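Working through the structure, step by step
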Amino acid sequence: MAFITKRDLPFLSFAAATLSLRALPKGLRHRRLGSFGNGLGALWYRLDRSDAALTRRNLQAVLGAQLGAGQVEATARALFQTVAYSKLLNDLLPGLGLAEVQQILHIEGQEHLEQALGQGRGVVLLRWHSNLHGYIELSLLKLLGYGVVAVLGEEIEPDDSWVYQHVVHPIRRRSRRNFDVIDPNGTPQRAMLECLQKNQILMITGDTLEEEMLDMPAPQVLPVKLLGRTLPLMTGPFRMARWLQSPVVPTFVVPRPGGYTMVIEPPLALSGDNSAQGLAADLAAYVERFESYLLRYPTLWAHWRHAALLDLMKKENHQDMTTPSSFSPTFVSLSLGGK
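Below or above, wherever it landed, is the structure these notes cover. (Residues numbered from 1 in each chain as written. Predicted model: local features only at pLDDT ≥ 70, side-chain atom pairs only at ≥ 80, totals over all residues. Heavy atoms only, no water.)

Some remarks on the sheet that holds strand S8 (residues 248–256)
- Pairing is mixed across the open sheet formed by seven strands, whose spatial order is S1-S9-S8-S2-S5-S3-S4. At either margin of the open sheet sits one strand with a lone partner, and together these are strand S1 (105–108) and strand S4 (180–182). Taking the axes of each pair of neighbouring strands and ignoring which way they run, one obtains an average angle of 25° across the sheet.
- Sitting on the sheet, helix H6 (residues 110–117) is in contact with S1, strand S2 (123–127), strand S5 (201–205), S8 and strand S9 (259–264), with an inclination near 145° to S2. (Pairing = 2+ DSSP bridges. Helix = DSSP H or I, 4+ residues; strand = E, 2+ residues; numbered from the N terminus. Axes fitted to C-alpha atoms, helices over the stretch in contact; angles between N-to-C directions. Contact = heavy atoms within 4.5 Å.)

What about helix H7 (residues 135–143)?
- A large share of H7 lies buried, amounting to seven of its nine residues.
- Directly after H7, the chain includes Gly 145, whose backbone phi takes a positive value near 95°. (Buried < 20%, exposed > 50% of the residue type's maximum accessible area, 1.4 Å probe, protein only.)

Let's talk about the pairing of S2
- Among the five residues that make up S2, five are buried, leaving the element largely enclosed by the rest of the structure.
- Because side chains alternate across S2, one face comprises the buried residues Val 123, Leu 125 and Arg 127, and the other comprises Val 124 and Leu 126, equally buried.
- Alignment of S2 against S5, held across five bridges, turns out to be parallel. Bridging across to S5, Val 124 finds its partner in Leu 202.
- In this structure, S2 lies alongside S8, joined through four bridges in parallel fashion. Counted as the bridge partner of Val 124 is Val 248 from S8.

A few points about the packing of aromatic side chains
- If you walk through the whole model with that rule in mind, you get 16 aromatic pairs.
- A centroid spacing of 6.3 Å and a plane angle of 55° characterise the contact between Phe 11 and Trp 44, whose relative ring orientation is tilted. In this pair, Phe 11 sits in helix H1 (residues 8–22) while Trp 44 sits in helix H2 (residues 26–47), placing the two residues 33 residues apart along the sequence. The two residues Phe 11 and Trp 44 agree in class, both being buried.
- These aromatic residues form a ring-pair network of at least three members: Trp 128, Phe 252, Tyr 286, Phe 290, Tyr 293, Trp 301 and Trp 304.
- Over the face of the ring belonging to Tyr 293 we find Arg 296, whose NZ or CZ atom lies 4.6 Å from the ring centre. (Phe/Tyr/Trp six-rings, centres within 6.5 Å; stacked < 30°, edge-to-face > 60°. Lys NZ or Arg CZ within 6 Å of the ring centre and 35° of its normal.)

Details of the sheet that holds strand S10 (residues 314–315)
- Judged by pairing direction, the sheet is antiparallel, and its three strands sit side by side in the order S6-S7-S10 without closing on themselves. Both edges of this open sheet fall to strand S6 (221–226) and S10, since each of them pairs with a single strand only.
- Relative to strand S7 (residues 229–234), S6 runs antiparallel, the two being bridged by six bridges. Pairing of Leu 222 across the sheet is with Leu 233, part of S7.

A look at the pattern of salt bridges
- The final tally for this structure, using the stated rule, is five salt bridges.
- We note a salt bridge from Asp 51 to Arg 305, for which the minimum N-O separation is 2.8 Å. Of the two residues, Asp 51 sits in helix H3 (residues 49–63) while Arg 305 sits in the loop between helix H11 (276–296) and helix H12 (309–312), which places them 254 residues apart along the sequence.
- Among the salt bridges present, the one from Glu 137 reaches Arg 127, with a minimum N-O distance of 3.4 Å. Placement of the pair is Glu 137 in helix H7 and Arg 127 in strand S2, with a sequence separation of ten residues. As far as the burial class goes, Glu 137 and Arg 127 line up, both buried. (Salt bridge = Lys/Arg side-chain N within 4 Å of Asp/Glu carboxyl O.)

Shown next, in the form of structure tokens:
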């Protein structure tokens, strides 16, 4: 195990920035959070050349026809700034109350969540794999009084350095300890089922991408069309929802001036077909909504930094992605600037 690696340097800078933000009066933290995140993200993008090049390569391969060369560069840089912002935000969450969280994250479509919970069978709240990692949404829901359990993976690997495992990662975990979190393992665990049986919210990622998925059999994983390509997606959330007859409610966190909005969409109209074709139809219904957000807010999708993204997203040679001629992505970092 290496003691420290080049990868640790930006994470240590995030930790130092978090300590600086905590030293500020609470009224100043939110205003400074955006400028800290933008500055550190831009520096990280400039220094971590391999990760930046990977992100640009993925963006160019998938969205190159829609993004000009300058936009690919700007989108990749804004993505790093969003990640930096989110890491600072997640480190600060344990000390934030409801009013402070609501300054950062508004909620839209709460009535859809209430109506779904009114059925008494729990709710599968399907989030996308955004660079915000899910902790701010989880915090808001908990502070609003909802019973909520999240399926969130650990941000650590066995080959991470000593500094990352013993200095950086414990800071990362401070937010996690405040919530009910289940580590994903690809199967419907008992805790997930119990959450829904108690009529609680099970927040789970709908667009998980792992290299192991390439070897998983149907119907555990099924192919879907996204951005003119084909990629495998887990069907577990949909199979679990069918088993318990729980509504599946998509949610997307999107930028607004000075923060974000958690958009809660109406429940998906799931197919009554229990075959693989029925599951594929359910996945397609989710991906149709997901794709529209991804096109508008590409800087929020964490998978642009995924090393195996292009291996998982197979290009469809017979079909090119088509998007409106007015396509113009929203650059999240521009909405987070603080004074």
